[in-house]
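The primary structure of each chain is shown beneath.
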Amino acid sequence: MIYDDIKNFNKQFEYEPRIENAARLKKFSKFVICGMGGSHLAGDLLQVWRPELDLIVWPNYGLPPAKDLKERLIIVSSYSGNTEEAIDAFSQAKKHSFGVAVVASGGKLLKAAVERKAPYVAIPDIHVQPRLAVGLSIKATLALMGERKALAELSELAHKLKPGRYEEPGRNLAKTLHGSVPLIYSSLHNFPIAYNWKIKFNETGKIPAFCNFFPELNHNEMTGFDVAHATAALSHRFHFVFLKDQDNDRKIIRRMTVMEGILHKRGFKIDVVFIHGANIWEKIFNALILADWAAYYTATLYNVEAEQVPMVDEFKKLIK
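Residues numbered from 1 in each chain as written. Predicted model: local features only at pLDDT ≥ 70, side-chain atom pairs only at ≥ 80, totals over all residues. Heavy atoms only, no water.

(A) Representation of the side chain of N196 within the structure. One can find N196 in helix α9 (residues 191–203). Within the structure, the side chain of N196 is placed 2.9 Å from the backbone oxygen of P192, a separation counted as a polar contact. (Helix = DSSP H or I, 4+ residues; strand = E, 2+ residues; numbered from the N terminus. Polar contact = N/O pair within 3.5 Å; in protein donor to acceptor, adjacent residues only side chain to side chain.)

Written as C-alpha cells, this is what we have:
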C-alpha cells in the first residue's frame, strides 16, 4: 500500500547493493544513465548531489550523441527490467562494445545482463512504482560508480529520515492546492527536485502539474501570467509552489522574492516550501518525502487510486 511505502521510505537506505560480474566493471569518471520515468530519477538527483559530476541522463531510445561514449560507463536502469527504451539502450551499448552496467529488479533487461555477462545490480522488487523505489536505485547506481563515501552517507538516512514528520505538512499542502494545477518553481540546481514533485503529482495525485526554474522562467514563462481580462480564467487555475533553499545563490533567492511579489500583486496563490536538512542527501529526500505525502493526499481528496498508473499501462499495450 502506497501509504505504508511512503511511511517506511527511509528503510530503503538499509539496502546494501551487490555488484554481479564485478570483475568486468572498469573504473570510470564519466557516466551515462539511461532510463525512463522513475528509473532515471536517481540520475537526476545525483546532479543535485554533485553538480560537477560528468553525467548525462538519457531518457530515450538508444544512446546520447556524445563523442566520448567509450570513456563513459553507461548505466541502464529499469526498475521492472522490461522498459523497451532501456532494453534498446543496453543493446546499443553492447553492439558498440561500450562499458555498460545494469540496474533492474528483474525482467528482460536483467536476463540480458546475466546472459551477456555484463555487470549488474539486482535491486529487490518491493512491489512499488519506480518513483517510490528511488532509494534503492540511487544506492545501486552509486555502487556501480564506485562512490563508497556517498553510499555510507545514504545508509545513515535509514535512521535519520523521519517520513512521518512530513505527513501532516503534506496533507495541509494538498488541501491548499486542491482545485488548482500545481506549478513548481526552484533554482536550476534544485530543478531535479522540482521535477520529482511534478511527476509525483502526475502519477500519484493523477492531476496535471508543471515545473520550471529560475532564472530562465523570468525570461519567458512568467509573461504568460501577466494577467489580462481575456486570459484570467486560464491563468488562475495555477497555484505556485516555490522550493526555496538558503544555499542557493543570493541572486536566485532575490529573484524568487521579487517574483512572489509580482504574482501576489496579480492575485495568484503561492506557497513557499523550504528545502532543509543537515546535508545534501537529507535536503533532497526530506523534500521528496513531503512531495510524496502531498501527492498522496491529493489523490485522496480527488478520490482516485494513488499508486497505479493505468494510462501508462494502456499506452504500453497500444504501442506493442
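Having seen the model, we can carry on.
(B) Summary view of the nonpolar core. Judged by nonpolar contacts, the single largest core of 73 residues is most densely connected at L46, I138, L142, I193, W197, W281 and F285. The element contributing the most residues to this core is helix α12 (residues 280–302), with 14 residues. Counting 21 residues, the second-largest nonpolar core is a separate cluster that includes V76, F90, V100 and L110. (Core = buried A, V, L, I, M, F, W, Y, C linked by side-chain atoms within 4.5 Å. Buried < 20%, exposed > 50% of the residue type's maximum accessible area, 1.4 Å probe, protein only.)

(C) Looking closely at the sheet that holds strand β3 (residues 54–58). In space, the six strands of this open sheet follow the order β1-β6-β5-β4-β2-β3, with mixed pairing throughout. Lying at the two open borders of the sheet, with one neighbouring strand each, are β1 (19–20) and β3. In this fold helix α3 (residues 84–95) packs onto β2 (30–34), β4 (72–78) and β5 (100–104), with an angle of close to 155° to the strand it touches most, β4. Seen against the sheet, helix α5 (residues 134–145) touches β1, β2, β4, β5 and β6 (120–122) and runs at an angle of roughly 160° to β5. (Pairing = 2+ DSSP bridges. Contact = heavy atoms within 4.5 Å. Axes fitted to C-alpha atoms, helices over the stretch in contact; angles between N-to-C directions.)

(D) The environment of N21, seen in detail. Mapped onto the elements, N21 comes out in the loop between β1 and β2. In sequence terms N21 and T204 are 183 residues apart; their C-alpha atoms lie 36 Å from each other. A distance of 2.9 Å separates the side chain of N21 from the backbone oxygen of A118, its partner in a polar contact.

(E) Examining a nonpolar patch on the surface more closely. Together, Y61, F315, L318 and I319 make up an exposed nonpolar region whose accessible area comes to about 450 Å². Its place among the elements puts F315 in helix α13 (residues 310–319). (Patch = residues over 30% accessible without salt bridge, like charges linked within 9 Å, V, L, I, M, F, W, Y side chains within 5 Å. Areas by Shrake-Rupley, 256 points an atom, 1.4 Å probe, with all protein chains shown as cover. Salt bridge = Lys/Arg side-chain N within 4 Å of Asp/Glu carboxyl O.)

(F) Structural view of the sheet that holds strand β10 (residues 269–274). With parallel pairing, the four strands of this open sheet are ordered in space as β8-β7-β9-β10. In this open sheet, the two strands that pair with only one neighbour each are β8 (210–214) and β10. Going from strand to strand, the sheet's axes swing by 25° on average, the running direction of each strand aside. The pairing of strand β7 (residues 181–187) with β8 spans five bridges and is classified as parallel. Bridge pairing in β8 links Y185 to N212. This element, α9, spans β7, β8, β9 (238–244) and β10 of the sheet and lies at about 165° to β7.

(G) Highlighting empty space enclosed by the protein. Considering all chains together, one arrives at two cavities of 30 Å³ or more under this definition. Space inside the largest cavity adds up to approximately 50 Å³. Around the largest cavity, the lining residues are G38, S39, S77, Y79, V103, I123, P130, A133 and S137. Within this model, the second largest cavity holds a volume of roughly 40 Å³. Considering every element that reaches the lining of the second largest cavity, the biggest residue donor is α12, with four residues. The residue inventory of the lining of the second largest cavity, partitioned by class, reads six nonpolar, no polar and three charged. (1 Å grid on protein atoms, 1.4 Å probe; cavity = no way out; pocket = protein on both sides within 12 Å on 5 of 7 lines; lining within 4 Å. Points joined across faces, edges and corners; volume = space filled by probe spheres on them. Nonpolar A, V, L, I, M, F, W, Y, C, P; charged D, E, K, R; others polar.)

(H) Local environment of the pattern of salt bridges. Applying the stated criterion to the full structure yields 19 salt bridges. With its nearest N and O atoms 3.1 Å apart, the salt bridge here joins E156 to K160. Under the relative-accessibility criterion, E156 is labelled partly exposed at 34%. Between K244 and E260 there is a salt bridge, with its nearest N and O atoms 2.7 Å apart.

(I) Spatial organisation of the packing of aromatic side chains. Counting across every chain of the model gives 20 aromatic pairs. Each ring, one from F225 and one from F268, has its centre 5.5 Å from the other, and the planes form 85°; the classification is edge-to-face. Taken together, the residues span a long stretch of sequence, with F225 in the loop between β8 and α10 (232–235) and F268 in the loop between α11 (250–265) and β10 at a distance of 43 residues. Note on accessibility: F225 and F268 belong to one class, buried. Where W293 meets Y296, the ring centres are 6.3 Å apart and the plane angle is 80°; that geometry is what we call edge-to-face. Remark: Y296 and W293 occur in helix α12; sequence separation between them is three residues, near one turn of the helix. With respect to burial, W293 and Y296 carry one shared label: buried. (Phe/Tyr/Trp six-rings, centres within 6.5 Å; stacked < 30°, edge-to-face > 60°.)

(J) The arrangement of the layout of surface pockets in detail. For the largest pocket, the calculated volume is near 1100 Å³. Lining the largest pocket are 31 residues, and of these T83, V309, V312, D313 and K316 sit closest to its centre. Among the elements of the structure, α3, α9 and α13 are those that each provide at least two residues to the lining of the largest pocket. No other element matches α13, which puts eight residues into the lining of the largest pocket. A volume near 270 Å³ is recorded for the second largest pocket. Forming the walls of the second largest pocket are 15 residues, and the residues nearest its centre are R24, K26, F98, G99 and V100. Looking at the lining of the second largest pocket, its residues break down into seven nonpolar, two polar and six charged.

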